[in-house]
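A structural walkthrough
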Amino acid sequence: MYDFDWSSIPGALPFLWQGMKVSLGITAVAVAAGIAWGTVLAVMRLSPARAVSLFAAGYVGLFRSVPLVMVLLWFFLIVPSLLRDVLRLSHATDLRLASAMVAFALFEAAYYSEIMRAGIQSVSKGQRAAALALGMTPLQAMWHVVLPQAFRNMLPLLLTQAIILFQDTSLVYVSALADFFGAAYKVGDRDGRLVEMLLFAGAVYFVLCSAASWAVRLLRRRVLA
Amino acid sequence: MISVRDVYKSYGEVEVLAACSVDVRKGEVIVVCGPSGSGKSTLIKCINGLEPFERGQIVVDGVEVGRRGTNLSRLRARVGMVFQQFELFPHMKVIDNLTIAQVKVLGRSREEARRKALALLDRVGLREHADKHPGQLSGGQQQRVAIARSLALDPVCMLFDEPTSALDPEMINEVLDVMVGLARDGMTMVVVTHEMGFARKVASRSSSWTRAASWRKPPRRSSSRSRGRTARGSSSPRCCTTDGPALDRLSPKPPLIAGQSLSAGSI
């Protein structure tokens with residue numbers, strides 16, 4: 001029988017909290033940027049201009065067809081050196097967090113764009129017609145009339161996707177960035193208590209994500225009501 | 001004001017408008033009746049460019065609708081349109097429904113737009129509902145708001161696409177009253193409706209500027225009705241008669257006739 005020893009957890013809590021802040025930070029930036037860029041992509045995808053629509057379709061198709069880990073690795077390898085060249089930063093500057101945020105934002109935008117596309121299509125055609133009939137340009141109709149309703153209709157799905165994204169941030173361990181999962185792993189490795197630390201980290205993810213899912217369910221009920 | 005010349009429009013195989021022509025002069029109220037599926041709604045959607053058409057010419061207040069390069073948004077801002085399903089913006093308060101296009105399209109100030117909106121809500125009798133959301137209003141109230149929303153842009157003419165067809169019977173009159181008021185104020189209107197009462201009312205006021213027309217032979221019941229009416233009030237419009245003076249349309253494809261019972265029933 002394995003002998004559990006949880007004693008290394010209390011002392012590691014400040015370090016784990018630092019990691020949690022990284023995880024939440026990446027999630028927040030990726031959700032905000034991902035929804036913004038994803039919405040632009042969704043509008044482009046539905047554009048009558050073929051080239052614009054094809055670009056968006058290609059972008060979404062590409063990011064949905066490659067594993068997230070691979071995208072993260074690309075960005076850890078490419079973005080830091082690129083940014084250093086462009087911004088003339090020293091090699092000591094740690095760009096892993098920034099590149100993780102960029103990678104997640106670009107990747108998640110593909111998924112968010114599909115959600116927003118469904119949202120836009122869920123708004124009745126008559127709404128757009130009414131906006132156009134009032135003299136709005138197609139973009140004004142989209143921005144003032146269709147998107148607010150699409151966003152509202154899709155809010156539960158967008159938040160659910162954010163919860164998944166939060167879990168996926170653990171993948172930044174490939175860059176040895178100390179997010180919550182990475183921090184837990186490091187502590188466990190150091191103290192020889194990997195099993196306990198990973199169980200603890202798993203429990204934390206579980207509690208946070210189920211609480212968030214529950215909140216989304218409540219919200220969904222309220223939106224539908 | 002509105003001139004439609006030989007317009008053709010089809011959805012795939014189905015020809016909806018064929019050689020459709022109509023002229024609407026300033027201050028005229030044209031009532032368009034006819035069975036469902038006979039292209040009535042399509043015609044008014046073509047007039048403000050919401051639907052493209054294949055051939056022919058539509059000129060609204062000197063602007064050619066179908067020409068490439070026509071600024072459709074600017075044209076539509078001057079042509080009011082009221083939809084069967086109201087199409088108020090559900091995420092905005094009633095007052096914002098009335099101000100948004102004034103501010104975003106016409107560039108009016110918020111205060112000016114608000115003043116105009118409240119005055120119009122007053123006119124349709126809904127001023128006290130300004131801060132509600134459309135979902136809190138009855139169908140008839142929503143449609144009155146929709147009319148006010150169009151009027152807020154000071155349109156040169158108004159298009160009505162079956163404005164009372166989605167309403168419960170007891171709410172139809174409150175909307176028709178607003179429309180009658182508009183007609184009496186001299187608004188140029190094209191109204192697709194099954195409400196013969198409306199056509200008659202507006203006509204009894206001044207039949208000379210009211211014409212009604214239909215695309216095709218209407219179902220026998222309504223045609224005999226309107227003839228009876230014509231006989232009674234000599235000046236009433238020629239509603240739902242086959243000899244509509246302004247609009248001509250080749251008969252639609254047979255399947256479309258199925259819509260007749262609907263239109264007859266809703267009168």
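Residues numbered from 1 in each chain as written. Chains lettered and ligands numbered in written order. Predicted model: local features only at pLDDT ≥ 70, side-chain atom pairs only at ≥ 80, totals over all residues. Heavy atoms only, no water.

Strand-to-strand pairing in sheets goes through backbone hydrogen bonds, with the strands running parallel or antiparallel. All names here are of chain B. Spatial strand order, β2-β1-β4-β5: four strands in an open sheet with antiparallel pairing. The sheet is open, and its two edges are formed by β2 (14-24) and β5 (63-64), each paired on a single side. Looking at chain direction, strand β4 (residues 55-60) and β5 are connected through two bridges and run antiparallel. Note that in β5 the partner of Val59 across the bridge is Glu64. (Pairing = 2+ DSSP bridges. Helix = DSSP H or I, 4+ residues; strand = E, 2+ residues; numbered from the N terminus.)

Inspection of the secondary structure puts Ser53 of chain A in helix α2 (residues 50-65). A polar side-chain atom of Ser53 of chain A sits 3.0 Å from the main-chain carbonyl oxygen of Arg45 of chain A. (Polar contact = N/O pair within 3.5 Å; in protein donor to acceptor, adjacent residues only side chain to side chain.)

All names here are of chain B. For Asp6, which is not a glycine, the phi torsion comes out positive at approximately 50°. Looking at where Asp6 falls in the secondary structure, it is placed in strand β1 (residues 2-11). Positive phi, close to 55°, is recorded for Glu87, a residue that is not glycine. The topology assignment puts Glu87 in the loop between β6 (79-82) and α3 (94-104).

Counting from both sides, the interface comprises 17 residues of chain A and, opposite them, 21 residues of chain B. Between chain A and chain B the total buried area reaches about 1,500 Å² when both faces are included, carbon and sulfur atoms providing 67% of it. Together, Ala133, Leu134 and His144 of chain A form the three largest contributors to the area buried by chain A at its contact with chain B, with a combined 37%. Elements represented by at least two residues in the side of chain A that touches chain B include exactly α5 (125-133) and α6 (138-168) of chain A. A per-element tally of the side of chain A that touches chain B places α5 of chain A first, with seven residues. (Contact = heavy atoms within 4.5 Å. Buried area = accessible area lost by both parts, 1.4 Å probe.)

All names here are of chain A. Packing of helix α3 (residues 68-87) against helix α4 (residues 96-122) leaves a shortest axis separation of 9 Å and a crossing angle of 135°. As judged from the angle between their axes, α3 and α4 are oblique. For the crossing formed where α3 meets α4, the hand is right-handed. Of α4, the residues touching α3 (which contributes Leu68, Val71, Leu72, Phe75, Phe76, Val79 and Pro80) are Arg96, Ser99, Ala100, Val102, Ala103, Phe104, Leu106 and Phe107. When its residues are assigned to classes, the contact of α3 with α4 shows 13 nonpolar, one polar and one charged. (Axes fitted to C-alpha atoms, helices over the stretch in contact; angles between N-to-C directions. Parallel < 35°, antiparallel > 145°, perpendicular 65-115°, else oblique. Left-handed = near helix turned anticlockwise from the far one by under 90°. Nonpolar A, V, L, I, M, F, W, Y, C, P; charged D, E, K, R; others polar.)

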